[in-house]
Structure formats: structure tokens, C-alpha cells
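Breakdown of the fold
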Amino acid sequence: MILIVDDKKENLLSLQSLLSSQGYPVETAVNGEEALRKVLQSTYGLIILDVQMPVMDGFEVAEMLSGFSKTRDVPIIFLSALNVDKKYITKGYRSGGIDYITKPIDPDILLLKVDTLYKLYEQKRELNRMQILLQQEVEFRKKAQQESHENAQQLRAILESIPQIAFSCSREGKIEYSNTHWQTYTGNSEYPELHPDEPSFPNILNEMIHQKDVFEKEVRMAKPGQESYRCFLLRAAPSYKEGKIKSWTATFTDIEEQKQSSRRKDEFLSVASHELKTPLTSIKGYIQLLERTLTDDCPGRLYVERSLLQIQKLDSLIADLLDISRIESGRMKLHRTNFPLDALVRRAVELMQQISPDYQFKIDGESDAVLYGDEMRLEQVLLNFLSNAVKYSPHQKEVLVSITTPDKNQVKVSVADQGIGINKTDQQSVFDKFFRSEESIRNFQGLGLGLYICADLLQRHEGSYGVTSEPGKGSTFHFILPINTTNPN
Ligand code: ADP
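Residues numbered from 1 in each chain as written. Predicted model: local features only at pLDDT ≥ 70, side-chain atom pairs only at ≥ 80, totals over all residues. Heavy atoms only, no water.

Let's talk about the site of the ligand
So the rule is basically this: Throughout this document, a residue counts as near a molecule or strand when at least one of its heavy atoms sits within 4 Å of that molecule or strand. Counting of polar contacts relies on pairs of N or O atoms within 3.5 Å, with two restrictions inside protein: one atom must be capable of donating a hydrogen and the other of accepting it, and residues adjacent in sequence are counted only when both atoms are side-chain atoms. Computed with the Shrake-Rupley method and a 1.4 Å probe, the accessible areas treat only the protein chains shown as cover for residues. Helix numbers and strand numbers start at the N terminus; a helix is a DSSP run of H or I with at least 4 residues, a strand a run of E with at least 2. When residues are grouped by polarity, Ala, Val, Leu, Ile, Met, Phe, Trp, Tyr, Cys and Pro land in nonpolar, Asp, Glu, Lys and Arg in charged, and all others, Gly among them, in polar.
Near the ligand lie 21 residues; those nearest to it are N388, Y392, R436, S440 and L451. The contact in question runs from an oxygen atom of the ligand to an N or O atom on the side chain of S440, over 2.5 Å. L447 is positioned with one of its backbone polar atoms (N or O) 3.1 Å from an oxygen atom of the ligand. Coverage of the ligand by the protein amounts to 97% of the 530 Å² it exposes when considered alone. Mapped by element, the contributors of at least two residues to the shell around the ligand are α11 (375-391), α14 (450-460) and β17 (474-482). Ranked by residue count, the leading element in the shell around the ligand is α11, at three residues. Grouping the amino acids of the shell around the ligand by side-chain chemistry returns nine nonpolar, nine polar and three charged.

If you want it as C-alpha cells, here you go:
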């Protein structure tokens, strides 16, 4: 907007109509006082000031305008009836004016000057605005840089305070930071020395950077010059920038103590279960012999039969413990042959029927699937599912075994009971080692090993497994195994 200040109304009108005809928004003031009031209320891009006005002349107005920050930069065109006198020009420029025009006014020259000064002002305003924005941006960046510096410092302080060896590296695996524990295992070398049987540290870094997610690996390391290797868990987590891995932060945690105690526990389990197995086998043999010597009506027969039942339970617990120690020590061996699945299912169900005469077992469906695997071990899996179906269904005594073929390469066996069921959260853990639901711990005996062993055996047979269940309504456990299409024998 342009403000025209002149004490003569006719001048104001003619200037106003000239500028308005060119599309400029215009306001007017008849004296210096009114002009000052207006410039404080509104924003103007140009002020056209008559020099000769009563009370306050144009130069005085301009001088006052140059004193306000709001108006300091607004260009002024002085209108003067006087000849251009140097004295006035200087006075005019000092007080913030930018140009002069003498009366009588040549409209073309005035419009030219107005156009130039108005544009100049607009550009200057735009420049100021951009400068402010730039300044804000600089401030913002400075703050962000400061924050990121502080965060990095904090991360380093954390990495220094932990007992683990810690380091961070670039996306390409270049070490960028390591804490003081790192030196304990690197000494004067660039990287820690790993056990000769393991890949070198650069190879592990290479494996890590090709990972998309958290990377974990157990490695053995010795301090420089020493030969006693300790087991460490290397755990590295990537940091992302715009969806891409930017860097890795990693720690080595000393897990030697856990490893040793787990080894000792495994050894103990293995020795204890072997040592228990031998006398138990003898006891079982003698009791079976004793049973044969007793007539049906002998009063002690009942006790002998009960003893045999308990021995059976003990036997299966020890068998589970032996299996666990075989799995943990990598000594679980499979004796694979070709065998028909349906016969295995019938055998297992008949056996369960004998052991649990109050329960009703039904087989639904059939297949002519021939599997290649360890028949005894797979029968053990099915017997485990069946005995769980019996154990966890104390009131509903029907168990349904289904055989289906989801496609020509696979066969599925499901065992459905109508027992206590398993809640959603527990369903995810039933195949974990030692897992037992709260209800099972309270009301049923067991070690929580059976399904873990089943899962391991099924994995060794390239099979899959799962459970669906509704608490209070029952559970269905299933496994799927590949059908032997090409006979390897
Ligand atoms: P155990 O029966 O000795 O506890 P398992 O490994 O066979 O060990 O089973 C683990 C847990 O899974 C059980 O403790 C029980 O909580 C749950 N579970 C297994 N089978 C069933 C079933 N048919 N119905 C309900 N819960 C089951």
C-alpha cells in the first residue's frame, strides 16, 4: 500500500487517482500527524511526502519515520515545489527518504519512480523474510547438531559404563568407536583375536553387515598373549536412516560362566539319567519276572501291577532326560527307514487304548503315505501328543486322531482332545523347554520336556507342528511331515 501525504486536498486527489489507475492500493493523509498515526497502524510499501506542509514539514515527518523500526526502511518520495536544492536533498536522504520529485509533477516520472521504489521495497521485505527464515534454519540446525553431539556423548558414556566390550561401526563394517574394554582383548592389534577354529573377526563383521536385523553369534576370545579362551556372545543391532542401515552398535558379553554351568548341568543330567536307567531296568525286569510267578488270584498281584505302572512312569521320565541330554550335546541320532505312516498311527493309538482303557480313541481319515524317517522316534512324538491328550482331559474322555494329506507331498496328523485347553499366550510357548502352564503346574505332573523333544524330532524330520486350542474346550496338536516321494534306499 502507498501513503500519500499532502496538505492540499486537490493534490491528494489527483495523485490518488493517478496511482489507483495503475492498480496501486492507496491511502492518504492531510498532514504529518495523520501520516504518523497511519504508518503506526498499517504497513506501507512507499510514502509520498509533500515537503511543504504547515506545522510539520515533509522532512520532519521523514525524520520521525526513520526513528521507528517499523517504518525505517519504507522508501519515501518527496514532492517539492522548490528547485532541487542540495541542502534539502541531504536533509531528505539523512532522514530516510530515497527520492525526490519536483512540482509540477510529471506523471510518467512519478509512476516510474513509484514503480521502482515499490518493487525495491517488496524485494527488500522478501529478502528480510528469507533472512529470518534462514536464521531460524541455522538456529534449528545448530540445536540439532548440539543435540546429536550430546546424544553421542551420552551413548559413549553408557557404552563406557557397561561391563561388556562395546563398539560401533559403519554400515561397511569400519570400526568407528570402541570402549576401553575393547583394548583388553585387542592389545596392539586392530581386532580381537578369536579362537583358531572360528572365522576371523573381519569375517564375522562381514557376516554381520550382510544381516538385515539384530545379529548374534557366540565366539571364543583370549586376551593378547594368553591361551585361555572365553566364550562371548556378540550381539549387534543396526541403526537405520531413511530405511537403510546406517551403522551398527555391538557388545561382546562374557558368557563363559553360563556356558560352563550349562555344560556341567548337561553332564550331570546325562550321567544321572544313565545311572538311574541301569538299576531301573533291572528292577523292571525283576518285577516282571515276579508278576509272572504270581497267579491271577494272588493278593499281592495288584501291588506288583501298580509298581510296574509307576516304574513305567519313571522309565519315561528318565527317557525324556536322556533325550534332552542327547539333544543338548548333539548326540541325538536318527535311524531312518521307509515306513507307512498309517500303520504307525494305528499302533500308537492301540497302545494308548491299552494303557488308558477309560478313554475312547478314534482315527479319522487315512493316507497311503510312506515316510522316510526314524519310525520309533516319530511314534514317540505321536504317543506324546496322545498321552498329553489323555493327561490334560481328566473329564472328557474322547480323543480324535485325524490323518489328512494337505497336498501330495505332505501328510498331517492331528490329535484333538476336549480337555482343559491352552490360552493364546501359552500356545506360543508349549513347545519350549520346561514350559508348563500355570494350571498344569497346579494340577498335573510333568517336567515340561515332552513337547520340546517332539519339536526337536519333527524339525530333524523337516516337519512342522503346531497347536490350536480354546481354554475349557480342548486342544488340537498336529504335525506335518514330508511324504517320501523319492526313495533314497
Ligand atoms: P508336561 O506334560 O510334562 O508338562 P509337555 O512338554 O508334554 O510337558 O507339555 C508342556 C505343557 O503344554 C504342559 O505342561 C501343558 O501346560 C501344555 N499341554 C500340552 N499338551 C496339552 C493338552 N493336550 N492340553 C492342554 N495343555 C497341554
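Things to note about unusual backbone geometry
The following threshold applies: Residue burial is assigned from relative accessible area. The probe radius is 1.4 Å, only protein chains are included, and a residue is buried under 20% of its type maximum, exposed over 50%, and partly exposed in between.
Geometrically, the link from K103 to P104 is a cis peptide bond, its omega value of -5 degrees lying close to zero. Note on placement: P104 falls in the loop between β5 (99-102) and α5 (107-161). Non-glycine residue F434 carries a positive phi angle of around 65 degrees. On the basis of relative accessible area, F434 is assigned to the partly exposed category, the value being 47%. Despite not being glycine, E462 has its phi angle at roughly 60 degrees, a positive value.

Points about the sheet that holds strand β2 (residues 26-29)
Cut-off, in case you're wondering: Here, a strand pair is defined by DSSP locating no fewer than two bridges between the strands. Between N-to-C directions, angles span 0 to 180 degrees; the directions come from axes that are lines fitted to C-alpha atoms, helices contributing only their stretch in contact. Contacts are residue-level and defined by heavy atoms, with any inter-residue pair within 4.5 Å sufficient.
The strand order across the open sheet formed by five strands is β2-β1-β3-β4-β5, and the pairing between neighbours is parallel. Edge positions in the open sheet fall to β2 and β5, since each of these has one partner strand only. Ignoring strand direction, the axes of neighbouring strands in this sheet form an average angle of 20 degrees. With four bridges connecting them, strand β4 (residues 76-80) and β5 associate as parallel partners. Opposite F78, over in β5, you have Y100 as the bridge partner. α5 contacts β1 (2-5), β3 (46-50), β4 and β5 of the sheet and is inclined by roughly 165 degrees relative to β5.

Some words on the pattern of salt bridges
Quick note on the threshold: Any Lys or Arg side-chain nitrogen located within 4 Å of an Asp or Glu carboxyl oxygen qualifies as a salt bridge.
Summed over the entire model, instances satisfying the criterion amount to 28 salt bridges. Two residues, D99 and K113, come together in a salt bridge whose shortest N-O distance is 3.1 Å. Placement of the pair is D99 in strand β5 and K113 in helix α5, with a sequence separation of 14 residues. Judged by its relative accessible area of 21%, D99 is partly exposed. Taking the shortest distance from any N to any O, the salt bridge between E126 and R129 comes out at 2.9 Å. Of the two residues, E126 and R129 are both situated in helix α5; the distance of three residues between them amounts to about one turn of the helix. Overall, the relative accessible area of 44% leaves R129 in the partly exposed class. Salt bridges linked by common partners bring E291, D296, R301 and E305 together as one network.

Digging into the sheet that holds strand β8 (residues 215-221)
Across the sheet, five strands lie side by side as β7-β6-β10-β9-β8; this open sheet has antiparallel pairing. Two strands close off the open sheet at either side, each with one partner strand: β7 (175-178) and β8. Mean inter-strand twist for the sheet, computed between neighbouring axes without regard to direction, equals 25 degrees. Relative to strand β9 (residues 230-241), β8 runs antiparallel, the two sharing seven bridges. Opposite K217, over in β9, you have L234 as the bridge partner. This element, α5, spans β6 (165-170), β7 and β10 (244-254) of the sheet and lies at about 60 degrees to β7. Each of β6, β7, β8, β9 and β10 is contacted by helix α7 (residues 201-209), which is oriented at about 175 degrees to β8, the strand it contacts most.

Examining the packing of aromatic side chains
Here is the rule we go by: Here is the rule: rings of Phe, Tyr and Trp (six-membered ring for Trp) pair when centre to centre is within 6.5 Å. Planes less than 30 degrees apart are stacked, more than 60 are edge-to-face, and the remainder are tilted.
For the coordinates displayed, the defined rule picks out 17 aromatic pairs. Between the aromatic rings of Y191 and F201, the centroid separation amounts to 5.3 Å while the plane-to-plane angle is 40 degrees, which identifies the pairing as tilted. Here Y191, found in the loop between α6 (180-186) and α7, pairs with F201, found in helix α7; they are ten residues apart in sequence, far enough to count as distant. Using a relative accessible area of 2% as the deciding quantity, one classes F201 as buried.

Here's the deal with a nonpolar patch on the surface
Here is the rule we go by: Here the term patch refers to residues with relative accessible area over 30% and no salt bridge, with like charges joined within 9 Å and nonpolar side chains (Val, Leu, Ile, Met, Phe, Trp, Tyr) within 5 Å.
Taken together, the side chains of L314, L317 and L447 define a hydrophobic patch exposed on the protein surface, amounting to about 220 Å² of accessible area. Within the secondary structure, L314 sits in helix α9 (residues 301-328).

Considerations on the environment of L111
Inspection of the secondary structure puts L111 in helix α5. Note: C-alpha distance between L111 and D456 (345 residues apart in sequence) is 93 Å. Apart from residues lying up to four places away in sequence, L111 is in contact with L18, L19 and Q22.

Function-wise, these values are silent; they only describe arrangement.
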